[in-house]
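Observations on the three-dimensional arrangement
Spelled out, the chains give:
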Amino acid sequence: MIQEHVLGTYGRAPITVAKGEGSYLFDTEGRRYVDFCAGIATCSLGHCHAKVVEALSRQAGQLMHCSNLYNIPQQEELAALICDKMIGLPGKIFFCNSGAEANDGIIKVARRFGHRHPQADGSPRYEVITFNKSFHGRTLGSMAATGQTKIQVEFDPLLVGFKYVDFNDLEALKAAVSDITCGIMLEAVQGEGGVNPANPEFLRGVAALCKQKDLLLMIDEVQCGFGRTGATMGWKAVCPEVEPDLVSCAKGIGGGFPMGCFWVSNRAIDAAGTQLSSIMGPGSHGSTFGGTPIACATSLAVVTEIVEQGLTERAAKLGEYIKTTVEGWNLPCVETVRGLGLLRGIGLRKGAFTVPDGATPAAYVNTLCMQAGLLACPAGPDTLRLIPALNVPQEVLEEGLGILKTVLEKL
Ligand SMILES: *Cc1c(COP(=O)(O)O)cnc(C)c1O
């Protein structure tokens, strides 16, 4: 029993996963599942991709870890690839291990910026405005940044310096900005919160507001980044001309290997030309495991494959295919198909079917899918999230959608 010695923080499904192969998972009973969960939008290339296995094994036999006391060439190579091919703007990368850590990192940069660009009386600015239904992680910093009280219950007092406003409400955001604000943080598509994309006008407005008020634009690309939304980064799928100051990444960057990073823009923050990235000098931040040779070598294989195989463009096409297919079923239980690229949410219509006591509609439908051989993932109470690997074969995509259709028709 896993509960005996593993802390019970997760509501786990009653299956035990034995192995993976591309977009299939197999449980210990030998049952096969179509995997539209992909380790929660993390296994970008599916399971056990030959090039990833090869890069990981090769690096394991050469050097796993040596610490950031020394130069790590794999970091150099990966950082250049991420800056050039994924972010596409001049800046620098800090490597960490997870999404929450990456967000804590960009919150630290924003606070330091608030010291360098203080209030009129010289006291630092420190407040970061985030959005209701956002999700930024479970550490003390990223939990405080998250605009969902359910994850904060009984962990108060929370880290100070956060304020939440409704997503896509530019007027509410403008009203919330004050003398102590130093940054605005958002997901291009809110993932955990229900697959809610930012409106292009909203994102453009946020960027303009940041310029006007000397605030940092902080984008959490942990779930949206690395091709997931059909653009290299989620903000580009919404509004490509926007230029963020800080970007946090994790999930899909490692293809299932623990890896995270944040990017800091090189843009000048004053008339003297001080680069934003320069405010984080030696000693300002660190991580023992951040950017190990093995994590970087693995991630390098993943990101290279995403770039070389055009998986970003493919995610855009397959995402449209999912949307038109599911909409074409014209089922009463489907209210909307939201999202971008291969980050799709099926909004379930309230009252269209009966849900057992204690379950949410999304959790209920997710369980039915699992029983029928399809792994998906709830996003909030009413949305079923489909987040398959970016290289999911067309026939496996169709197989999974076929299972979903059968389940939804029977509701
Ligand atoms: C999953 C997620 C996080 C947290 O990442 P962890 O690796 O679990 O710490 C942060 N932000 C977003 C948008 C996420 O989807």
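A brief report on the enclosed structure follows. Treat the numbers as computed from the prediction; the structure is a model and nothing was measured. (Residues numbered from 1 in each chain as written. Predicted model: local features only at pLDDT ≥ 70, side-chain atom pairs only at ≥ 80, totals over all residues. Heavy atoms only, no water.)

Re the site of the ligand
- Not every one of the 13 residues close to the ligand is listed here, only the nearest: Gly99, Ala100, Asp220, Gln223 and Lys251.
- Phenylalanine 135 has a polar backbone atom sitting 3.2 Å from a nitrogen atom of the ligand.
- Considering the ligand on its own, with 390 Å² of exposed area, one finds that the protein chains cover 82% of that surface.
- Ranked by the residues each element gives to the shell around the ligand, the list is headed by helix H4 (residues 99-116), at 3 residues.
- Taken together, the residues of the shell around the ligand sort by class into 3 nonpolar, 6 polar and 4 charged. (Near = heavy atom within 4 Å. Polar contact = N/O pair within 3.5 Å; in protein donor to acceptor, adjacent residues only side chain to side chain. Areas by Shrake-Rupley, 256 points an atom, 1.4 Å probe, with all protein chains shown as cover. Helix = DSSP H or I, 4+ residues; strand = E, 2+ residues; numbered from the N terminus. Nonpolar A, V, L, I, M, F, W, Y, C, P; charged D, E, K, R; others polar.)

Here we look at the nonpolar core
- Ile82, Leu173 and Leu404 are the most contacted members of the largest nonpolar core, which totals 97 residues.
- Among all residues touching leucine 404, those that are not within four sequence positions of it are Trp329, Ile346, Cys369, Leu374, Leu384 and Leu386.
- Core analysis: the second largest hydrophobic core is formed by 23 residues, Phe94, Ala110, Val128 and Leu276 among them. (Core = buried A, V, L, I, M, F, W, Y, C linked by side-chain atoms within 4.5 Å. Buried < 20%, exposed > 50% of the residue type's maximum accessible area, 1.4 Å probe, protein only. Contact = heavy atoms within 4.5 Å.)

A short note on unusual backbone geometry
- In the segment running from aspartate 156 into proline 157, the intervening peptide bond is cis, with an omega of 0°.
- Looking at the secondary structure, you find proline 157 in the loop between helix H5 (140-145) and strand E6 (162-165).
- The residue aspartate 214 is not glycine, and still its phi comes out positive at about 55°.
- Among the structural elements, aspartate 214 can be located in the loop between helix H7 (200-213) and strand E10 (216-220).

Section: the pattern of salt bridges
- Under the definition given, this model contains 15 salt bridges.
- Between glutamate 399 and arginine 32 there is a salt bridge, with the nearest N and O atoms lying 3.0 Å from each other. With glutamate 399 in helix H12 (residues 394-410) and arginine 32 in strand E3 (residues 32-35), the pair connects residues that are 367 residues apart, well separated along the chain.
- Residues arginine 349 and glutamate 335 are paired through a salt bridge, measuring 3.9 Å at the closest nitrogen-oxygen approach. Of this pair, arginine 349 sits in the loop between strand E14 (343-348) and helix H11 (361-372) while glutamate 335 sits in strand E13 (residues 334-340), placing them 14 residues apart in sequence.
- We classify glutamate 335 as partly exposed; its relative accessible area is 47%. (Salt bridge = Lys/Arg side-chain N within 4 Å of Asp/Glu carboxyl O.)

Comments concerning the sheet that holds E13
- The 4 strands are arranged E13-E14-E17-E16 in an open sheet whose pairing can be described as antiparallel. At either margin of the open sheet sits one strand with a lone partner, and together these are E13 and strand E16 (377-378).
- Where E16 meets strand E17 (residues 383-386), 2 bridges bridge the pair, whose relative direction is antiparallel. For proline 378, the partnering residue across the bridge sits in E17 and is leucine 384.
- Sheet contacts for H11: E14, E16 and E17; angle to E17, the most-contacted strand, approximately 45°. (Pairing = 2+ DSSP bridges. Axes fitted to C-alpha atoms, helices over the stretch in contact; angles between N-to-C directions.)

As for the packing of aromatic side chains
- Across all of its chains, the model carries 5 aromatic pairs by this definition.
- Each ring, one from phenylalanine 94 and one from phenylalanine 262, has its centre 5.1 Å from the other, and the planes form 20°; the classification is stacked. Residue phenylalanine 94 is located in strand E4 (residues 91-96), and its partner phenylalanine 262 is located in strand E12 (residues 260-265); the two are separated by 168 residues in the primary sequence. Judged on exposure class, the residue phenylalanine 94 and its partner phenylalanine 262 are both buried.
- Here phenylalanine 131 and phenylalanine 167 contribute two aromatic rings whose centre-to-centre distance is 5.6 Å and whose plane-to-plane angle is 65°, an arrangement assigned as edge-to-face. Highlighted residues: phenylalanine 131 in strand E5 (residues 127-131) and phenylalanine 167 in the loop between E6 and helix H6 (170-176), separated in sequence by 36 residues.
- Judged by its relative accessible area of 15%, phenylalanine 167 is buried.
- Put simply, the rings of Phe131, Phe167 and Phe202 pair up and form one aromatic cluster. (Phe/Tyr/Trp six-rings, centres within 6.5 Å; stacked < 30°, edge-to-face > 60°.)

As for the pairing of E5
- In terms of residue burial, E5 counts as a mostly covered element, since 5 of its 5 residues are buried.
- The two faces of E5 match: Glu127, Ile129 and Phe131 on one face and Val128 and Thr130 on the other face are all buried.
- Two elements, E5 and strand E7 (residues 181-186), share 3 bridges in a ladder whose sense is parallel. Each residue of the ladder has a partner; that of valine 128, found in E7, is glycine 183.
- Pairing geometry for E5 and E6, over 4 bridges, is parallel. For isoleucine 129, the partnering residue across the bridge sits in E6 and is lysine 163.
- For the crossover from E5 across H5 to E6, the handedness is right-handed. (Right-handed = clockwise from strand over helix to strand, strands pointing away.)

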